[in-house]
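# Report on the structure
Now for the letters of each chain:
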Amino acid sequence: MKILYFAWLRDKAGMSERQVSPPPGVATVGALIDWLTDQDERQAAVFADRSVVRFAVNQDFAEADTPIGTGDEVAFFPPVTGG
Amino acid sequence: MKILYFAWLRDKAGMSERQVSPPPGVATVGALIDWLTDQDERQAAVFADRSVVRFAVNQDFAEADTPIGTGDEVAFFPPVTGG
Amino acid sequence: MIRVQREGFDIGREIAALTVGNPRIGGIASFVGLVRDLGGLRSMTLEHYPGMTERQLARIDAEAHRRWPLEASLIVHRYGRLEPGEPIVLTITASAHRQTAFDSCNFLMDWLKTEAPFWKREEAASGEHWVAAHADDDAARDRWQETG
Amino acid sequence: MIRVQREGFDIGREIAALTVGNPRIGGIASFVGLVRDLGGLRSMTLEHYPGMTERQLARIDAEAHRRWPLEASLIVHRYGRLEPGEPIVLTITASAHRQTAFDSCNFLMDWLKTEAPFWKREEAASGEHWVAAHADDDAARDRWQETG
């Protein structure tokens, strides 16, 4: 599973992209965030305030209960400021 | 007093501009239209349907009761179609 | 600013001239009206009332500035003979905020339609005729009426 | 049509490319968003999500065509480092009628603000910071919500 970070979430994560292999029980974006938060302190910092974290699964906006699986691309970012 | 005609009112009047000297009692745009209508058949045709005639006095939109006097510029035209 | 002219215009150049060197501008709305051909139109000739046209355009432009905090604005209206697809009118408004720019640009066009002394004659294969004013345009202008 | 690019754009050329040869177009509304400098801004860097950006822009564009009878439309969104006064985004909509063009262009901008995956970092004399999203922008998008 490919994970992407944008804007200040990338700054906090200290990386823009990574490959992860969460256990099979991690089946939604919300569960993935829980799992990442437990991985290390940087990830914990990224997701410290979940109210300001938005996400996309395979380049579509997603919700915490959006299902994810092997091979998916999951992106985390702050609220967008386009235009 | 200078009179101007625009668009199809000009076509009907057969002229774009004329100088007139109405008698002193012709003190408003409405009275001027009455007076012009009585002058000749072309003028009568111009003002046959007053609901589609608009006017300006000294280059400002005017009403039938707008006062006019010697030296004024009075224009007659159909509803505008700018833009 | 307003201009009444026979010639066409370059919207990019007009926008640049209005906005260059003003760092407060965040959004520029613009509108271009074209001669539409719904079938058989050869040309359209715009007649106007020189003198009154400039007065009315300046008044409409000033009214937009009175109603919205604009950094810059422009109305360019053409007259004379135009062919299908040619631009007739250009309105541009620039402001700190996008909605201010959109609303004021829309307002300028709505007012132009009913307050600027222009008349259009269409020359088609079937003959010539003067374009009638639209009741729609009066309604569009009236929605900007201030209450109170 | 949509484009995501680092380079600037020429609005006049873009309008011409969209509208030439289409006699049904009566009105073209456009909007240009600029990097605003309210004091001390050195530059703004737009980051985006390549792939998702194009998808979202194409979706927003298609949504405008679904809601309004448009003859043509364009969204150009830049990314990378921009200086104050530089254009960020261009939206153009062309339709038979002016209000359709105005409304759909306004809609495109409102949706871009909340649905296009861009993030802005400002570099000022006082340091760097990421621009926060505005609740205003959510409200602007929500006014286009369809009921029923």
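Before reading further, recall that the structure is shown in the block above.
Here the structure is a predicted model, which means the values were calculated and not measured. (Residues numbered from 1 in each chain as written. Chains lettered and ligands numbered in written order. Predicted model: local features only at pLDDT ≥ 70, side-chain atom pairs only at ≥ 80, totals over all residues. Heavy atoms only, no water.)

### A short note on the interface of chain D and chain C
At the interface, 32 residues of chain D touch 32 residues of chain C. Interface area for chain D against chain C, summed over the two sides, is near 2600 Å², with a carbon-plus-sulfur share of 57%. On the chain D side of the interface with chain C, the three residues burying the most area are D:Arg36, D:Arg98 and D:Phe102, jointly 26% of the side's total. For the pair chain D and chain C, the interface holds four salt bridges. C:Arg98 is the salt-bridge partner of D:Asp137, the closest N and O atoms lying 3.1 Å from each other. Taken together, chain D and chain C are joined by 13 residue pairs in polar contact (both at pLDDT 80 or more). Of all elements in the fold, only α1 (11-19), β2 (27-34), α3 (98-115) and α4 (135-142) of chain D reach the threshold of two or more residues within the side of chain D that touches chain C. Among the elements that line the side of chain D that touches chain C, the one with the most residues is α3(D), at nine residues. (Contact = heavy atoms within 4.5 Å. Buried area = accessible area lost by both parts, 1.4 Å probe. Salt bridge = Lys/Arg side-chain N within 4 Å of Asp/Glu carboxyl O. Polar contact = N/O pair within 3.5 Å; in protein donor to acceptor, adjacent residues only side chain to side chain. Helix = DSSP H or I, 4+ residues; strand = E, 2+ residues; numbered from the N terminus.)

### Thoughts on the environment of B:Lys2
Residues and elements named next belong to chain B. As for its position among the elements, Lys2 is in strand β1 (residues 2-5). On the basis of relative accessible area, Lys2 is assigned to the partly exposed category, the value being 27%. Here the alpha-carbon distance between Lys2 and Asp72, two residues 70 residues apart in the chain, equals 6.4 Å. The contacts of Lys2, once residues within four sequence positions are left out, are Glu17, Arg18, Gln19, Asp72, Glu73 and Val74. (Buried < 20%, exposed > 50% of the residue type's maximum accessible area, 1.4 Å probe, protein only.)

### A few points about the interface of chain B and chain C
Contacts between the two partners involve 20 residues from chain B and, on the opposite side, 26 residues from chain C. Summed over the three residues of chain B that lose the most area to chain C, namely B:Gln59, B:Thr81 and B:Gly83, the buried surface amounts to 36% of that side. The interface formed by chain B and chain C includes three salt bridges. C:Arg55 serves as the salt-bridge partner of B:Asp60, at 3.0 Å between the closest nitrogen and oxygen. Counting the contacts that link chain B with chain C gives 13 residue pairs in polar contact (both at pLDDT 80 or more). Secondary-structure elements contributing two or more residues to the side of chain B that touches chain C are α1 (7-13), β4 (60-61) and β5 (73-77) of chain B. No other element matches α1(B), which puts four residues into the side of chain B that touches chain C. Looking at the side of chain B that touches chain C residue by residue, the classes come out as 11 nonpolar, five polar and four charged. (Nonpolar A, V, L, I, M, F, W, Y, C, P; charged D, E, K, R; others polar.)

### What to know about the packing of helix α2 (residues 52-67) of chain D against α3(D)
Two numbers describe a pair of packed helices, the interaxial angle and the distance between the axes. Residues and elements named next belong to chain D. For the pair α2 and α3, interaxial distance at closest approach is 10 Å and the crossing angle is 150°. Classified by the angle between their axes, α2 and α3 sit roughly antiparallel to one another. The two elements α2 and α3 cross, and the hand of that crossing is right-handed. Along the contact surface, α2 presents Gln56, Leu57, Ile60, Asp61, Glu63, Ala64 and Arg67, while α3 presents Phe107, Leu108, Trp111, Leu112 and Glu115. Taken together, the residues of the contact of α2 with α3 break down into seven nonpolar, one polar and four charged. (Axes fitted to C-alpha atoms, helices over the stretch in contact; angles between N-to-C directions. Parallel < 35°, antiparallel > 145°, perpendicular 65-115°, else oblique. Left-handed = near helix turned anticlockwise from the far one by under 90°.)

### Thoughts on the pairing of strand β3 (residues 54-57) of chain B
All names here are of chain B. Inspection of the sheet shows β3 paired to β5 by four bridges, in the antiparallel sense. Following the sheet pairing, Arg54 is matched in β5 by Phe77. Where β3 meets β4, two bridges bridge the pair, whose relative direction is antiparallel. Across the sheet, Val57 pairs through a bridge with Asp60, a residue of β4. Hairpin connection of β3 to β4: two residues between the antiparallel strands, including Asn58 at a positive phi of 50°. (Pairing = 2+ DSSP bridges.)

### What about the sheet that holds strand β4 (residues 70-78) of chain D?
Across the sheet, eight strands lie side by side as β1(C)-β4(C)-β6(C)-β2(C)-β2(D)-β6(D)-β4(D)-β1(D); this open sheet has mixed pairing. Of all the strands in the sheet, just β1 (2-5) of chain C together with β1 (2-5) of chain D have a single pairing partner and so form its edges. Mean inter-strand twist for the sheet, computed between neighbouring axes without regard to direction, equals 10°. Summarising the sheet, strand β2 (residues 27-34) of chain C and strand β6 (residues 87-95) of chain C pair through eight bridges and their orientation is antiparallel. Looking across to β6(C), one finds that C:Ser30 is bridged to C:Ile92. Across the sheet, helix α1 (residues 11-19) of chain C is in contact with β1, β2, β4 (70-78) and β6 of chain C together with β2 of chain D; its angle to β6(C) comes to roughly 30°.

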